[in-house]
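# Close look at the chain arrangement
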Amino acid sequence: MIHRRWLLALLLLLWWALGMVAQSEGTEAVEQLLERVEDEEGRALLQERLEALLLSPIDLNRATIEELASLPLVDDFFLRNIIVERARRGGFSSIYQLKEVQGAPTDLSLLEPFITIVEEDEVDERRSFDLFLGGENNLGEWRDRGSKVRMEGHLNKHLAWYLVGEQDRGERSLPLREGGMDFLGGTVEYSRLTETGSLQLILGDYRVMSGLGLVMGQSASYYSGIEVRGSAPAMTQRVLRPHASFREYDYLRGAAVRWGRGALSLSVYGGFEPLDARIERSAIRTLYATGRHITEYEQRYRRTARRELLGSYLELNRERLHVGLTTIWYLHKTRDGQPLLPPLRYPQERRLSASSLDFYLLSRWSKLFGEVTLDAKERMAMIVGYSYRRDYLGTITLSASYAGQERMTPYGTYYGYASSGRDELAVQLAWKGELGYLWTGQLFYSAFTPVSERAMGRVVSAQFLYYGDERQMQSRLRWVKLPDRPARCSGRMALQQQFGGEVKLRSVVNLTKHAESALGWAVALRLQFGDERSLRAEIGAQYFQLPSGLSVRSDNVYMPYYSYAPGLYGEGFRLVGALRYPVTDQLRVDARASLTRYKVAPKTPLPPLLNITLRYRLVRN
């Protein structure tokens with residue numbers, strides 16, 4: 001339920017936004033890009049970035065290197081060539097000229113909704129406003145419902161503000177004086193870029209991205225990223241990002257400033273992060289990084305602690321050289337300010353610190369990159385790698401990493417689902433390139449072993465993608481062997497065929513198996529009518545048969561800011577239907593309903609769900 005104060009604020013903002021014109025939709029591109037990411041966290045982060053780009057597309061002729069690096073499908077080689085070609089041409093006259101830039105991907109058209117070219121006389125007058133309202137309801141239990149509110153405004157090219165609130169399905173409402181919702185956050189950002197320097201100020205909730213994520217890589221995963229991309233992730237990125245999502249962890253609440261002059265820039269940030277933690281004897285026993293507070297157990301540990309942090313990032317950026325130094329100091333306290341020892345796996349010190357040095361050297365065909373923490377051997381972590389790219393060969397990336405037994409950092413989520421990030425040696429090899437006309441492929445291999453043990457883990461994956469005007473195909477194979485666990489393999493193939501201009505048929509086949517189980521499988525069909533400019537309807541069915549211990553991701557219809565695709569267990573079928581309707585040029589409504597039935601219900605069966613979202617998006621020039 002949205003309280004009266006929320007409604008008053010929304011009415012005032014809608015009144016302020018009158019007279020604007022709508023921005024084009026790009027939900028089709030968002031859905032197709034999200035399909036390429038397997039893990040839930042990576043999908044949520046990508047959707048957050050794409051939704052922001054839909055509201056504020058990047059101006060191709062005025063974008064900084066950091067802004068261009070935030071685009072999907074853009075690696076460091078393509079990024080460098082965009083900058084070189086933009087300077088040679090004196091600017092692009094059309095976004096389609098990117099096809100002429102060396103290193104452009106075959107599916108470059110997916111970038112179209114996220115980039116633009118703004119005329120000179122429009123730059124200072126551009127304003128935008130975005131309002132999102134979302135609701136989720138368990139149709140079997142009407143009181144089991146959740147809601148989301150998100151607002152974003154750009155008053156001009158320098159000043160932006162964000163406000164988010166969320167109450168997950170099943171969470172109880174808070175008193176109005178506490179915001180009403182389980183999670184409430186806001187941010188104001190000021191940024192200015194001149195010919196000689198830059199300035200960025202953030203007040204409120206924000207995230208810090210530096211290097212490859214060994215120290216302050218909030219919401220960054222190097223391992224998962226290289227497997228998904230087929231090449232090393234771009235290190236040229238925005239260091240400070242407003243936290244304008246519904247993610248309830250890995251962010252800071254405070255203030256940050258970034259100042260740049262020529263090739264040098266300095267970021268200084270400070271604040272605290274609320275933590276869900278179980279505390280025993282003045283020490284944090286367990287951290288819960290989920291943000292969900294549904295059960296009594298989860299509610300008991302809601303926001304029981306906080307992490308206070310002060311840090312800086314000094315970097316040197318040239319066309320082919322980057323060097324960065326991250327330094328942080330942090331401590332843990334209870335909600336009422338009493339000092340705490342950190343989680344028990346860390347050294348028993350109240351005040352902790354960490355620092356790292358990151359770098360890359362980039363040429364036309366190759367890139368040497370890495371990051372190393374400046375700690376003792378037992379606490380040290382490092383990544384070093386080399387990428388080589390040629391048009392006829394593709395991109396080959398070889399990297400190695402090390403993490404000490406006592407590695408300690410509050411974030412450092414550079415590791416993926418198959419890695420512990422502690423007490424480990426690892427090597428990764430990845431390739432990405434074209435296999436033929438409209439065909440691309442990716443291969444990934446990772447081997448890792450605990451330093452103190454004689455056990456080996458491996459991950460092997462392959463992806464193949466065909467992207468045509470009327471037919472698209474994506475296939476993925478993965479084999480995972482973790483130490484002391486049976487090997488697991490899985491495969492997924494999705495095929496989409498377009499008939500005429502407004503009918504699409506999508507089919508998905510999932511296979512999964514581990515060494516001690518029978519084969520599990522699921523098959524899905526989905527039919528779509530209409531397009532983004534009119535009423536669009538989708539209906540789909542999925543049948544699954546999965547032995548105990550195996551699961552597959554459900555085939556979910558895209559919804560704004562609802563990236564989660566629930567896992568399927570056991571045997572049964574799932575039906576899903578959706579409607580997307582543009583009421584006006586400014587207002588769009590989405591609705592999705594799903595029903596899951598099981599032959600034998602698992603411990604946590606999926607209830608019948610209804611999602612409804614409303615999005616009001618405006619831009620004025």
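Residues numbered from 1 in each chain as written. Predicted model: local features only at pLDDT ≥ 70, side-chain atom pairs only at ≥ 80, totals over all residues. Heavy atoms only, no water.

This part is about the overall build of the protein chain. The number of helices and strands found in the protein chain is seven helices and 32 strands. For 621 residues, the compact-globule formula gives about 25 Å, and the C-alpha radius of gyration of the protein chain, at 24 Å, lands near that figure. Counting contacts in the protein chain only where the partners sit at least 6 residues apart, residues at least 24 apart contribute 60% of the total. One finds the centroid of the 81 positive side-chain charges in the protein chain at a distance of 3 Å from the centroid of its 73 negative side-chain charges. (Helix = DSSP H or I, 4+ residues; strand = E, 2+ residues; numbered from the N terminus. Rg over C-alpha atoms; globule rule 2.2 N^0.38 Å. Contact = heavy atoms within 4.5 Å. Lys, Arg positive; Asp, Glu negative; His and termini not counted. Charge placed at Lys NZ, Arg CZ, Asp CG, Glu CD.)

Turning our eyes to something else, we now look at the pairing of strand β5 (residues 159-167). Counting buried residues in β5 gives seven out of nine residues, a clear majority hidden from the surface. One ladder, built from eight bridges, connects strand β4 (residues 145-154) with β5; its direction is antiparallel. Opposite glycine 153, over in β5, you have tryptophan 161 as the bridge partner. Counting the residues between successive antiparallel strands, the hairpin from β4 to β5 contains four residues. When β5 meets strand β6 (residues 183-193), the two strands line up antiparallel, connected through eight bridges. By the bridge assignment for β6, tyrosine 162 is matched with threonine 187. (Buried < 20%, exposed > 50% of the residue type's maximum accessible area, 1.4 Å probe, protein only. Pairing = 2+ DSSP bridges.)

This part is about helix α2 (residues 27-34). Within α2, eight of the eight residues are buried, leaving the element largely enclosed by the surrounding structure. All buried positions along α2 are accounted for by Thr27, Glu28, Ala29, Val30, Glu31, Gln32, Leu33 and Leu34.

Attention now goes to the nonpolar core. Counting 31 residues, the largest nonpolar core has Leu68, Leu71, Leu98 and Phe114 as its most contacted members. Of all the secondary-structure elements, those providing two or more residues to this core are α2, α3 (40-55), α4 (65-69) and α5 (76-89). For leucine 68, the contacting residues outside a window of four places in its chain are Ile58, Leu60, Ala63, Val74, Leu79, Ile82, Ile83 and Arg86. (Core = buried A, V, L, I, M, F, W, Y, C linked by side-chain atoms within 4.5 Å.)

Mapped onto the elements, alanine 29 comes out in helix α2. The spacing of alanine 29 and leucine 111 is 82 residues in sequence and 7.6 Å in space, taken between C-alpha atoms. With sequence-adjacent residues up to four places away left out, alanine 29 is seen in contact with Leu110, Pro113 and Phe114.

This brings us to unusual backbone geometry. Despite not being glycine, serine 282 has its phi angle at roughly 60°, a positive value. Turning to its location among the elements, serine 282 is positioned in the loop between β11 (277-280) and β12 (283-287). The residue arginine 303 is not glycine, and still its phi comes out positive at about 50°. Within the secondary structure, arginine 303 sits in the loop between α7 (296-300) and β13 (305-317). Among the residues examined, arginine 303 registers a relative accessible area of 12% and is labelled buried.

Time to look at the confidence of the model for the protein chain. Taken as a whole, the protein chain shows an average pLDDT of 85; of its residues, 91% reach a score of 70 or greater. Residue range residues 1-24 is modelled with pLDDT below 50. Its contacts to residues more than four positions away, or to other chains, number 50 contacts. (pLDDT = per-residue confidence, 0-100.)

We now examine α5. Helix length check: α5, at 14 residues, gives a terminal C-alpha distance of 20 Å against a target of 20 Å (1.5 Å per residue), a fit within 8%. The set of residues buried in α5 consists of Asp76, Phe77, Phe78, Leu79, Arg80, Asn81, Ile82, Glu85 and Arg86. On its buried face, α5 sits against α4, β16 (352-362), β17 (366-373), β18 (381-390) and β19 (394-403). In the segment just after α5, glycine 90 is the residue with positive phi, at about 75°. (Expected span 1.5 Å × (residues − 1).)

What follows covers the pairing of strand β24 (residues 488-499). By the bridge criterion, ten bridges tie strand β23 (residues 471-481) to β24 in an arrangement that is antiparallel. Bridging across to β24, valine 480 finds its partner in arginine 488. With twelve bridges joining them, β24 and strand β25 (residues 503-514) adopt antiparallel strand pairing. What sits directly across from serine 490, in β25, is threonine 512.

Okay, the packing of α2 against α3 next. In the contact formed by α2 and α3, the axes pass within 10 Å of each other and the chain directions differ by 160°. Relative to α3, the element α2 lies roughly antiparallel. In the crossing of α2 with α3, the sense of the turn from one axis to the other is right-handed. Residues Val30, Leu33 and Leu34 of α2 lie in contact with α3, whose contacting residues are Arg43, Leu46, Gln47, Leu50 and Leu54. The residue makeup of the contact of α2 with α3, split by class, is six nonpolar, one polar and one charged. (Axes fitted to C-alpha atoms, helices over the stretch in contact; angles between N-to-C directions. Parallel < 35°, antiparallel > 145°, perpendicular 65-115°, else oblique. Left-handed = near helix turned anticlockwise from the far one by under 90°. Nonpolar A, V, L, I, M, F, W, Y, C, P; charged D, E, K, R; others polar.)

With respect to the secondary-structure elements, arginine 238 resides in the loop between α6 (222-229) and β8 (240-242). Discounting residues that sit within four places of it in the chain, arginine 238 has contacts with Glu66, Glu189, Gln200 and Met209.

Tallying each qualifying case throughout the model produces 37 salt bridges. Across the pair glutamate 28 and lysine 504 runs a salt bridge, and its minimum N-O distance is 2.9 Å. Taken as a pair, glutamate 28 in helix α2 and lysine 504 in strand β25 lie far apart in primary sequence, 476 residues in all. Considered together, glutamate 28 and lysine 504 belong to a single accessibility category, that of buried residues. The closest approach of N and O atoms between aspartate 76 and lysine 367, which form a salt bridge, is 2.1 Å. Pair noted here: aspartate 76 is in helix α5 and lysine 367 is in strand β17, with a separation of 291 residues, a long-range link. In this structure lysine 367 comes out as buried when scored by relative accessible area, which is 2%. Counted as one network, the salt bridges with shared partners bring together Glu28, Glu31, Glu35, Arg492, Lys504, Arg506, Arg526, Arg536, Glu538 and Asp555. (Salt bridge = Lys/Arg side-chain N within 4 Å of Asp/Glu carboxyl O.)

Along the chain, arginine 592 turns up in strand β31 (residues 587-598). For the buried arginine 592, no salt bridge exists, and the shortest N-O distance to an oppositely charged side chain is 5.2 Å, to glutamate 136.

Our next topic: the packing of aromatic side chains. Taken as a whole and judged by the stated rule, the model has twelve aromatic pairs. Between tryptophan 439 and tyrosine 466 the ring centres are 5.2 Å apart and the planes differ by 50°, which places this aromatic pair in the tilted class. Residue tryptophan 439 is located in strand β21 (residues 439-450), and its partner tyrosine 466 is located in strand β22 (residues 457-467); the two are separated by 27 residues in the primary sequence. Overall, the relative accessible area of 32% leaves tryptophan 439 in the partly exposed class. Ring pairs connect the aromatic residues Phe129, Trp161 and Tyr616, which therefore count as one cluster. (Phe/Tyr/Trp six-rings, centres within 6.5 Å; stacked < 30°, edge-to-face > 60°.)

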